[in-house]
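Understanding the architecture of this molecule
The lines below spell out each chain.
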Amino acid sequence: MRLKTSLQKEPKHKELVSSVGWTSADELYSCSEDHQILKWNVLTGDTTLVVKLQEDIFPVDLHWIPKTVGGKKQALAENFVLTSTDGKFHLFSRTGRVEKSVEAHKGAVLAGRWSYDGTALITAGEDGQIKIWSKTGMLRSTLALQGSPVYSVSWGPDSDRILYTSGRQLVIKPLQPSAKVQQWKAHDGVILKVDWNSVNDLILSGGEDCKYKVRCSCVDTRLGLSLIEASTVVLVAGFLPLPPPPQWSYALEKPSSGSVFSVAWAADGSQLAGACGNGQVLLAHVVEQRWEWTSFQITLTKRRSMQVRNVLNDAVDMLEFRDRVIKASLAHGHLVVATSLQCYVYNVKNWNTPLIFDLKEGTVSLILQAEKQFLLVDGAGVYVFSYEGRLVSSPKFPGMRTDTLSQQSISLSNDTIAIRDKSDQKAIFLFDALTGKALGDGKPLMHKMEVVEISLDQCGSSGERKIALIDKNRDLYLAPVRPLARGRGPTQIGTMVVTMAWNDTANILCGFQDSQLCVWLDPGCVFTDKDLLPHTLVSKDASEFSRSPHILSYVGSKVTVRRSDGSLVCSSVTPYASLLHQYSATSRWEDALRLCRFAKDQSLWACLAGMAMANRELSTAEVAYAAIGEVDKVQYITSMKELPSRESLLAHLQLFSGHVQEAEGMLLQAGLTYQAIQLHICLYHWDRALELAVKYKTHVDTVLAYRLKFLQDFSKQETNKRFLQYAEGVEVDWEKVQAKVEMELAKERERAVSTSIKNSLGPPH
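Residues numbered from 1 in each chain as written. Predicted model: local features only at pLDDT ≥ 70, side-chain atom pairs only at ≥ 80, totals over all residues. Heavy atoms only, no water.

Side note on the pairing of strand β3 (residues 27–32)
The buried fraction of β3 amounts to six of the six residues, a majority that puts the element mostly inside the structure. Where strand β2 (residues 17–24) meets β3, six bridges bridge the pair, whose relative direction is antiparallel. Along β3, the bridge assignment pairs glycine 21 with tyrosine 29. Connecting β2 to the next strand, β3, in antiparallel fashion are two residues. Sheet analysis places β3 next to strand β4 (residues 36–41), joined by five bridges and oriented antiparallel. Residue cysteine 31 lies in a different strand from β4, and its bridge partner there is isoleucine 37. Adjacent in sequence and paired antiparallel, β3 and β4 are bridged by three residues, among which histidine 35 carries a positive phi angle near 70°. (Buried < 20%, exposed > 50% of the residue type's maximum accessible area, 1.4 Å probe, protein only. Helix = DSSP H or I, 4+ residues; strand = E, 2+ residues; numbered from the N terminus. Pairing = 2+ DSSP bridges.)

Things to note about the sheet that holds strand β26 (residues 281–287)
Taking strand neighbours across the sheet as the criterion, the four strands line up as β1-β26-β25-β24 in an open arrangement whose pairing is antiparallel. Among the strands making up the open sheet, the edge pair consists of β1 (2–6) and β24 (260–265). Strand-to-strand twist of the sheet, defined as the mean angle between neighbouring strand axes without regard to direction, takes the value 25°. (Axes fitted to C-alpha atoms, helices over the stretch in contact; angles between N-to-C directions.)

Re the pattern of salt bridges
Under the counting rule described, the total for this entry stands at 28 salt bridges. Measuring nitrogen to oxygen at the nearest pair gives 3.0 Å for the salt bridge that ties aspartate 403 to arginine 401. Taking relative accessible area as the criterion, aspartate 403 reaches 37% and is therefore assigned partly exposed. Of the charged contacts in the structure, one is a salt bridge between arginine 482 and aspartate 415, with a shortest N-O distance of 3.6 Å. Of the two residues, arginine 482 sits in the loop between β45 (476–480) and α1 (483–486) while aspartate 415 sits in the loop between β39 (410–412) and β40 (416–420), which places them 67 residues apart along the sequence. Accessibility assignment for this pair places arginine 482 and aspartate 415 in one class, buried. (Salt bridge = Lys/Arg side-chain N within 4 Å of Asp/Glu carboxyl O.)

Things to note about the confidence of the model for the protein
Confidence in the prediction of the protein, expressed as mean pLDDT, is 88, and 92% of residues score 70 or more. Note on residues 219–225: pLDDT is under 50 here. Beyond four places in sequence and across chains, it has 14 contacts. Segment residues 242–246 is flagged for pLDDT under 50; beyond a separation of four residues in sequence, or across chains, it makes 11 contacts in the model. (pLDDT = per-residue confidence, 0-100. Contact = heavy atoms within 4.5 Å.)

What about the environment of glycine 442?
Its place among the elements puts glycine 442 in the loop between β41 (427–432) and β42 (445–446). Linking glycine 442 and phenylalanine 429, residues 13 residues apart in sequence, is a C-alpha distance of 8.0 Å.

Points about unusual backbone geometry
For aspartate 514, which is not glycine, the phi dihedral falls at a positive 50°. Assignment of secondary structure puts aspartate 514 in the loop between β48 (509–513) and β49 (516–520). On the basis of relative accessibility, which here comes to 57%, the residue aspartate 514 falls in the exposed class. With a phi angle near 60°, tyrosine 684 is a residue other than glycine that sits in the positive phi range. Relative to the assigned elements, tyrosine 684 resides in the loop between α9 (673–682) and α10 (686–696). For tyrosine 684, a relative accessible area of 51% translates into the label exposed.

Some words on the packing of helix α5 (residues 618–627) against helix α6 (residues 631–641)
For any two helices packed against each other, one specifies the crossing angle of their axes together with the interaxial distance. Between α5 and α6, the shortest axis-to-axis distance is 9 Å and the interhelical angle comes to 165°. Relative to α6, the element α5 lies roughly antiparallel. The two elements α5 and α6 cross, and the hand of that crossing is left-handed. Contacts between α5 and α6 pair Leu618, Ser619, Ala621, Glu622, Tyr625 and Ala626 from the former with Lys633, Val634, Ile637, Thr638, Met640 and Lys641 from the latter. The residue makeup of the contact of α5 with α6, split by class, is seven nonpolar, two polar and three charged. (Parallel < 35°, antiparallel > 145°, perpendicular 65-115°, else oblique. Left-handed = near helix turned anticlockwise from the far one by under 90°. Nonpolar A, V, L, I, M, F, W, Y, C, P; charged D, E, K, R; others polar.)

Some thoughts on α10
All of the buried residues in α10 are Trp686, Ala689, Leu690, Leu692 and Ala693. Projected down its long axis, α10 shows its buried positions confined to an angular sector of 160°, all on one face. (Arc of directions from axis to C-beta.)

Some details on the nonpolar core
Among the nonpolar cores identified, the biggest contains 60 residues, and Leu476, Leu580, Leu608, Met613 and Tyr625 are the most heavily contacted of them. A total of nine residues in this core trace back to one element, the largest contributor, which is helix α4 (residues 602–614). Apart from residues no more than four positions distant in its own chain, leucine 608 is found in contact with Leu580, Trp589, Ala592, Leu593, Cys596, Thr620 and Ala624. (Core = buried A, V, L, I, M, F, W, Y, C linked by side-chain atoms within 4.5 Å.)

A word on the sheet that holds strand β11 (residues 98–103)
One open sheet holds the four strands; their spatial order is β6-β9-β10-β11, and the pairing between them is antiparallel. Each edge of the sheet is formed by a strand with only one pairing partner; in this case those strands are β6 (59–64) and β11. Shown here is a sheet whose adjacent strand axes are inclined to one another by a mean of 20°, direction ignored. Here strand β10 (residues 88–93) runs beside β11; their pairing, made up of five bridges, is antiparallel. Bridge pairing links phenylalanine 89 to valine 102 in β11.

Re the packing of aromatic side chains
Tallying each qualifying case throughout the model produces 23 aromatic pairs. Aromatic side chains phenylalanine 321 and tyrosine 346 sit 6.3 Å apart centroid to centroid with 85° between the ring planes, which places their arrangement in the edge-to-face category. Of this pair, phenylalanine 321 sits in the loop between β30 (315–320) and β31 (325–331) while tyrosine 346 is found in strand β33 (residues 342–347), placing the two residues 25 residues apart along the sequence. Take tyrosine 346: its relative accessible area is 3%, and that puts it in the buried class. Among the aromatic residues, ring-to-ring pairing joins Phe296, Phe321, Tyr344, Tyr346 and Trp351 into one connected group. Across the ring face of phenylalanine 723, the terminal group of arginine 707 is positioned such that the distance to the ring centre comes to 4.8 Å. (Phe/Tyr/Trp six-rings, centres within 6.5 Å; stacked < 30°, edge-to-face > 60°. Lys NZ or Arg CZ within 6 Å of the ring centre and 35° of its normal.)

Side note on the pairing of strand β15 (residues 139–145)
Residues in a regular strand project their side chains so that they alternate between the two faces of the sheet. As defined by bridge partners, strand β14 (residues 129–134) adjoins β15 across five bridges and the pair is classed as antiparallel. Looking at the pairing, tryptophan 133 lines up with leucine 139 of β15. Connecting β14 to the antiparallel partner β15 that follows it, the hairpin turn spans four residues, and glycine 137 within it adopts a positive phi of roughly 95°.

Structure (structure tokens):
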């Protein structure tokens, strides 16, 4: 990826250009010390004079009010604020009419920024004051007052905090007066520019020490994630609307335009404008982006053309588009390209006849793909389309902000959409991808800590769908998606995990955990037998990936990783696990056993044990558990195979997975009260066993008999008041107890036989 820059043959402004701002994807405004505000049409290259300012107004900063908030267009979206050296800020309409001029500071107003919701304006001045104004220009409060000029200011992602410069210090000040203020030394020279990314919560700063630093506001702000040396004083800093971790240089351009005093990215993230010291306005667009999937490599060669190369036969195809390419995604056998006006869907088997449909807005910020459908995010909402171009659904929830959605906060599978709530990052909203309706009762999946990354698995049925999430502590959790199973809540499967990705053809999860590349060959086994999870974990040294790696994709048996220096590194993973998942999905258990015997890998045997137990294949599970030396579980599975009824078997399968309450409920619902009591006796849950016996008025003597035997075996005296109370009125006779137990088992066998006969005869005629 690189920036292709262009400058005009002759500067349109006669003096220094102080600031630029985009109104749309192809329209730009610039202000200059020659007192002119110009409008630029990027497509045609034409410029138009919007307004000629008064001779005493020298503009400093320009910022447009946000056009959309939560998918709704603002009434004042056609207005912008202009700050000037005379201590005033001016509210302008799109046509150049001055709506209002406000005396704001003593000395120059160095910065002016609208909040993300468009309801407030903040200004910073040479007098060291920071003030908050209403959208109509009424003073609300003076947030800060200090002895040095405030050169730059930025809103927090939720518009509830302010970041500003104070000499060599950076300060984060909440709008609530009682909230704690964060302040730290960020540079060795005066800080001239700051920006705060609303998507990934990163802070960027640059100053007179010729450095810029990137840090995360959610951790210790004194620790910079990146520190880059520059050749000159850093005058500008700004984030791409939806960037990857900005820890390396994508491109370096040195235009002959003098100092660059301001930069602005277009809303779609494909174009950049810069305000230059010689009166030029620098225009740049992104080219040479690359996408890879299996044997295909696609490169954006120009703004409206792509090159497709198949590395297997070295075949090359050229794709031409009517409009400028904004976003693209290549996965699951399809290429999805979003231009400024249309969406193109290509099948990798045919590059000549794409499916084309129009877009409502030309600001697509994200494309996600699943096997059967894909998802587009723009300024107005979230849309799910089939690969035939049919709109499938458009999920929404109160307060949803599409401008903050990224690959870490939204995930798509064939049947489910997961979106992390920006206002409450502990909440994950789950939707049916086919209808757009919230799953279950509409309540979100709640986690105990803020969630930083989510991802849905891609294979299996909707009832087995699972979501993996990484929280603020970098712990990795797995949770079932569907409401019937959601009561179990997220289950931890890893710690110190910095990035993760699901395989595209099997429910295998990979991630970087504590300087290791780890692959959970069957993470779903944590819900069947959590003791299997460590056996299914395969890890390898991750020193070749350096620190802070990021997993881009996990396709087939290849994991593609971007290192902290921006380079791409691929690592191979055993292909046997994917094959084992395919055998399990198609119930080919004999083939699965042969594969494990051939590979002779303990992790594969552990995977097979978990898959077989999840599918109630006890014979296969028995062999798999024996192969990994779990003798006690082999014995338990053998005893389950001898159970007289299907209800008892299902209950003991739940008990095997550690779900005691579910097992008890299944037995009681089937009328097997004794088996429910015996279940708690075997687990030494004496109080619950006695409670059930008293409640259903049966087998009280059985519970007392087993309790007495337990105490005698360990040479202990009874101290439980409830057992002492019932022991006084109930006589314990082991022969009678054993006879009652045999009678209960005989009844269950007879019931199982009669049920089997009825099922074989079928329904009555």
